[in-house]
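# Fold and contact review
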Amino acid sequence: MRRQTPDAAPWATAPDPLLALAQDELAFYEQVRNSARRWHRLTELGALATSSSTVVAAGLHAPAWMTALIAGGALFFTGFRQVFAHGPRYVLAAQSREGLRKAINRYQLLPAADRGEESRQDLLAAIENVGDEELRQWADQRHRASPGADSPTNGSALP
């Protein structure tokens, strides 16, 4: 997931910079989740509409160029789905957002006076863990999606 260049000023000057950082991260994951969900739905609906229209066009004996054009649209949506993987991106962002949301809630449920070093470290660890887990899952998805990822020639096969 691509992120804008970080600007530390908004959260660094907040009364509780750690909470502000966590909320900025939460907002980022929410924006990515919402965007990926919209693209996923659009891609799936486009693939469904063009695939079913291809069958209908062929059944109605539409001109070959029209049937080919609609089939090309179905192929485009299938490729778009595979290249950009909005479905897995949606799931990944939703998981990241939910984990971070729970950590923020735990932190905010503590009275401000009780938010000591331990609770601050817990929230910071949650922020870092969400980022680390997101990166790990993204890398795993990319590895599985790459051609020949488990071939013996790339050195990943066990002896």
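See the structure printed just above.
Criteria and cut-off values
- Residues numbered from 1 in each chain as written.
- Predicted model: local features only at pLDDT ≥ 70, side-chain atom pairs only at ≥ 80, totals over all residues.
- Heavy atoms only, no water.
- Helix = DSSP H or I, 4+ residues; strand = E, 2+ residues; numbered from the N terminus.
- Buried < 20%, exposed > 50% of the residue type's maximum accessible area, 1.4 Å probe, protein only.
- Contact = heavy atoms within 4.5 Å.
- 1 Å grid on protein atoms, 1.4 Å probe; cavity = no way out; pocket = protein on both sides within 12 Å on 5 of 7 lines; lining within 4 Å.
- Points joined across faces, edges and corners; volume = space filled by probe spheres on them.
- Patch = residues over 30% accessible without salt bridge, like charges linked within 9 Å, V, L, I, M, F, W, Y side chains within 5 Å.
- Areas by Shrake-Rupley, 256 points an atom, 1.4 Å probe, with all protein chains shown as cover.
- Salt bridge = Lys/Arg side-chain N within 4 Å of Asp/Glu carboxyl O.
- Phe/Tyr/Trp six-rings, centres within 6.5 Å; stacked < 30°, edge-to-face > 60°.
- Core = buried A, V, L, I, M, F, W, Y, C linked by side-chain atoms within 4.5 Å.

As a further point, take the overall build of the protein. In terms of regular secondary structure, the protein is built from 5 helices and 0 strands. Its helices and strands in sequence order give the protein the pattern α-α-α-α-α, from N to C terminus. Burial statistics for the protein: of 159 residues in total, 27% are counted as buried. Considering only intrachain contacts with a sequence separation of at least 6, the fraction spanning at least 24 residues in the protein is 71%.

So, about empty space enclosed by the protein. Taken as a whole, this structure holds 1 cavity of 30 Å³ or more when the rule is applied. Looking at the largest cavity, its volume works out to about 30 Å³. Elements with a contribution of two residues or more to the lining of the largest cavity: helix H2 (17-59) and helix H4 (86-109). No other element matches the 4 residues that H2 contributes to the lining of the largest cavity.

A grouping of Trp65, Met66 and Leu69 is seen on the molecular surface, where their side chains present a nonpolar patch of about 360 Å² in accessible area. Here Met66 lies in helix H3 (residues 64-84).

This next bit is on the packing of aromatic side chains. Inspection of every chain in the model, using the stated rule, returns 5 aromatic pairs. For the ring pair Trp39 and Phe80, a centre distance of 5.8 Å and an interplane angle of 40 degrees mean the geometry is tilted. With Trp39 in helix H2 and Phe80 in helix H3, the pair connects residues that are 41 residues apart, well separated along the chain. The exposure class assigned to Phe80 is buried, which follows from its relative accessible area of 19%. Here Phe76 and Phe77 contribute two aromatic rings whose centre-to-centre distance is 5.6 Å and whose plane-to-plane angle is 70 degrees, an arrangement assigned as edge-to-face. Ring pairs connect the aromatic residues Trp39, Phe76, Phe77, Phe80 and Phe84, which therefore count as one cluster.

It is worth spelling out the nonpolar core at this point. Judged by nonpolar contacts, the single largest core of 17 residues is most densely connected at Ala22, Tyr29, Leu100, Ile104, Leu123 and Ile127. Looking at this core, the elements with two or more residues in it are H2, H4 and helix H5 (117-145). Counting residues per element, this core draws most heavily on H2, at 8 residues. The contacts of Leu100, once residues within four sequence positions are left out, are Ala22, Glu25, Leu26, Tyr29, Ile127 and Val130.

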